[in-house]
Amino acid sequence: MSSPRPFVVVGAGLHGCALAWELARRGGDVVLVERGVPGAEASTAAAGILAPTVEAWAHPSAAAGADGSEEGVAAWMGRESLRLYPAWVRQMEAASQLRVPLNLGGVIVAGDAGPPGSRSLKGAERAEVEPGLAPERPAWMVDGEGWLDPKALAPAVHAAALAAGVRVVQAEVLGVREGEVRTAAGALQGVVVVCAGAWTAQVPGLTALPVRPLRGQVLSLRPPAGFRLDHVVFGAGGYLVPRADGRVLVGSTMEDVGFARGVTPEGLAKLRATAHQLCPQLIDAVELETWSGFRPSTPDGLPLLGTVHGVWVASGHHRNGILLAPYTALSVADAILEGKSLPSALRADRFSA
Ligand SMILES: Cc1cc2nc3c(=O)[nH]c(=O)nc-3n(C[C@H](O)[C@H](O)[C@H](O)COP(=O)(O)OP(=O)(O)OC[C@H]3O[C@@H](n4cnc5c(N)ncnc54)[C@H](O)[C@@H]3O)c2cc1C
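Residues numbered from 1 in each chain as written. Predicted model: local features only at pLDDT ≥ 70, side-chain atom pairs only at ≥ 80, totals over all residues. Heavy atoms only, no water.

S.K.: Whenever I open this one, the overall build of the protein confuses me. Can you help?
M.R.: When you go through the protein residue by residue, the secondary structure sums to eight helices and 20 strands. Rg of the C-alpha trace for the protein: 20 Å, near the compact-globule value of 20 Å for 353 residues, within the 12% margin. Dimensions of the protein, computed from the C-alpha atoms along their principal axes, are close to 70 × 40 × 40 Å. Split into buried and exposed, the 353 residues of the protein put 55% on the buried side. Counting only contacts in the protein whose residues sit at least 6 apart along the sequence, the fraction spanning at least 24 positions is 75%. Total accessible area on the protein stands at roughly 14700 Å², and carbon and sulfur atoms take up 54% of it. Charged side chains in the protein number 30 positive and 33 negative. The centres of these two groups are separated by 2 Å. (Helix = DSSP H or I, 4+ residues; strand = E, 2+ residues; numbered from the N terminus. Rg over C-alpha atoms; globule rule 2.2 N^0.38 Å. Buried < 20%, exposed > 50% of the residue type's maximum accessible area, 1.4 Å probe, protein only. Contact = heavy atoms within 4.5 Å. Areas by Shrake-Rupley, 256 points an atom, 1.4 Å probe, with all protein chains shown as cover. Lys, Arg positive; Asp, Glu negative; His and termini not counted. Charge placed at Lys NZ, Arg CZ, Asp CG, Glu CD.)

Below you can see the structure in the form of structure tokens.
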């Protein structure tokens, strides 16, 4: 009997590691090829918001409803991934022996309107739930959504993949085609899966894919004594995200500047304004850290899941790649290993003529 073909996964961000783990867990022989530090790009630059309802409402996909459903594939997929999250995180924790706290106590929209299904936060409940919110802003609660810290999740998923037997090759991928990945260190044969995030369309063999980087800047604050934030708060052109140690992250810009890394005075000024408008006490916060990352964006805001000329692609997760990790890993592994179909609105070749 011939041995099964190995899998060669390109990119050790959250998606590459999650898919490598899923394939290895089901018996696959998996090699993960990464040119840099696993998880060091978008997957740890992210804020870690898990909010499919707010995201689908505030940033409707150009393809919303294209699958014939009322809510559109983005909202459906986000909710499905969020449903999978608690069990998936428990699996990652067990496999990696690392803790990944998941906070699903609701997210808040601070503005004149909230998304469908949200409820108005008023009076004593509002004062109890998030006392630092600017009093003049109406607030809306979306129950059951929340956040996690990607700087805890990404190393755990990477460690889980290693524990499942995934081998990591550190090399620049110079080209892909059906059955082969060419690297600076030689060629690797197997079923090829590209999870190269914002760089997907830079991989020779996939340059026709319309994946572009969209830079996001993030500011981390140490709030003044007595201030606490327990929920993600959207509003004033951005968002605030709590961290377990009391820090508050402020995000994020959406900039079409190619792969120019770094933060800018204008970007940080915008983030400060968001923070001060949502929670006036943050005017007295200490600025701890800033960073930027590249969202892998597509023309319709939806990921690319499927094959292009015999090469599997799981990329283009744009603003919601942390949220969509469990759904992507499970559904793409089902498609590769069992031939199950993926939603047609997500086809990786949907933009080719
Ligand atoms: C500022 C910011 C905030 C965000 N906030 C959220 C959020 O709150 N919630 C949410 O759900 N999502 C959020 N996102 C989006 C999310 O971070 C991304 O969609 C997701 O992390 C993409 O994961 P990935 O594994 O595809 O890409 P990445 O993490 O970027 O990994 C791609 C990997 O591929 C490697 N690679 C690329 N090309 C090659 C090559 N030729 N050879 C070898 N290796 C290669 C890279 O080195 C990299 O390690 C945010 C993104 C940003 C930038």
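S.K.: I would appreciate a short explanation of the packing of helix 4 (residues 73-96) against helix 6 (residues 150-163) in the present structure.
M.R.: When two helices pack together, their arrangement is captured by the angle between the axes and the distance separating the axes. Taken N-terminus to C-terminus, the directions of helix 4 and helix 6 make an angle of 60°; their axes are 8 Å apart at the nearest point. Considering the angle they form, helix 4 stands oblique to helix 6. In this structure, the crossing between helix 4 and helix 6 has a hand that is left-handed. Listed contacts from helix 6 to Tyr85, Trp88, Met92, Ala95 and Ser96 of helix 4 are Leu153, Ala156, Val157, Ala159, Ala160 and Ala163. Looking at side-chain class alone, the contact of helix 4 with helix 6 contains 10 nonpolar, one polar and no charged residues. (Axes fitted to C-alpha atoms, helices over the stretch in contact; angles between N-to-C directions. Parallel < 35°, antiparallel > 145°, perpendicular 65-115°, else oblique. Left-handed = near helix turned anticlockwise from the far one by under 90°. Nonpolar A, V, L, I, M, F, W, Y, C, P; charged D, E, K, R; others polar.)

S.K.: Honestly, the pairing of strand 15 (residues 232-235) in this entry has me stumped. Any pointers?
M.R.: Strand residues, when the strand is regular, have side chains that alternate between the two faces of the sheet. Neither face of strand 15 is left uncovered, since the one carrying Val232 and Phe234 and the one carrying Val233 and Gly235 both have all their residues buried. Relative to strand 16 (residues 238-242), strand 15 runs antiparallel, the two sharing three bridges. Across the sheet, residue Phe234 finds its bridge partner in strand 16, namely Tyr239. Counting the residues in the hairpin turn of strand 15 and strand 16 gives two residues, including Ala236, whose phi is positive at 50°. (Pairing = 2+ DSSP bridges.)

S.K.: I'm lost on the nonpolar core in this one. Help?
M.R.: In summary, soluble globular proteins display a tendency toward joint burial of nonpolar side chains. One finds Tyr85, Trp88 and Leu153 to be the most contacted residues of the largest nonpolar core, which totals 50 residues. Where this core is concerned, the elements lending two or more residues are strand 1 (7-10), helix 1 (14-25), strand 2 (30-34), helix 4, helix 6, strand 13 (191-194), strand 20 (311-315) and helix 8 (325-338). Beyond its immediate stretch of four places on either side in the chain, Trp88 contacts Leu14, Ala18, Leu153, Val157, Ala325 and Pro326. (Core = buried A, V, L, I, M, F, W, Y, C linked by side-chain atoms within 4.5 Å.)

S.K.: What should I look at first to understand the domain arrangement of the protein in this one?
M.R.: A common way to express how large an interface is: the accessible area buried when the components associate. Each assigned domain of the protein is listed with its residue range as follows: domain 1 (1-103 + 147-210 + 299-353) and domain 2 (107-143 + 212-297). Taking only C-alpha atoms into account, the centre of domain 1 sits 27 Å from that of domain 2. Listed per partner, the contact involves 26 residues of domain 1 and 30 residues of domain 2. Both sides together, the interface formed by domain 1 and domain 2 hides about 2300 Å², and carbon and sulfur atoms give 68% of it. When residues of domain 1 are sorted by the area they lose upon contact with domain 2, Trp57, Trp147 and His318 head the list and together hold 27% of the total. Taken together, domain 1 and domain 2 are joined by two salt bridges. (Domains from an automatic or database assignment. Buried area = accessible area lost by both parts, 1.4 Å probe. Salt bridge = Lys/Arg side-chain N within 4 Å of Asp/Glu carboxyl O.)

S.K.: Explain the environment of Ala236 here, please?
M.R.: Mapped onto the elements of the fold, Ala236 is located in the loop between strand 15 and strand 16. Taking the C-alpha atoms as reference points, Ala236 and Pro131, 105 residues apart in sequence, are found 17 Å from one another. Setting aside anything within four residues of it in sequence, one finds Ala236 in contact with Arg137, Thr274, Gln277 and Leu278.

S.K.: I would appreciate a short explanation of the sheet that holds strand 8 (residues 146-148) in the present structure.
M.R.: The strand order 3-8-4 describes an open sheet built from three strands, whose pairing is antiparallel. Whereas interior strands pair on both sides, the edge strands pair on one side only; in this sheet they are strand 3 (49-50) and strand 4 (102-103). As paired strands, strand 3 and strand 8 are joined by two bridges and run antiparallel to one another. Paired with Leu50 across the strands is Gly146, a residue of strand 8.

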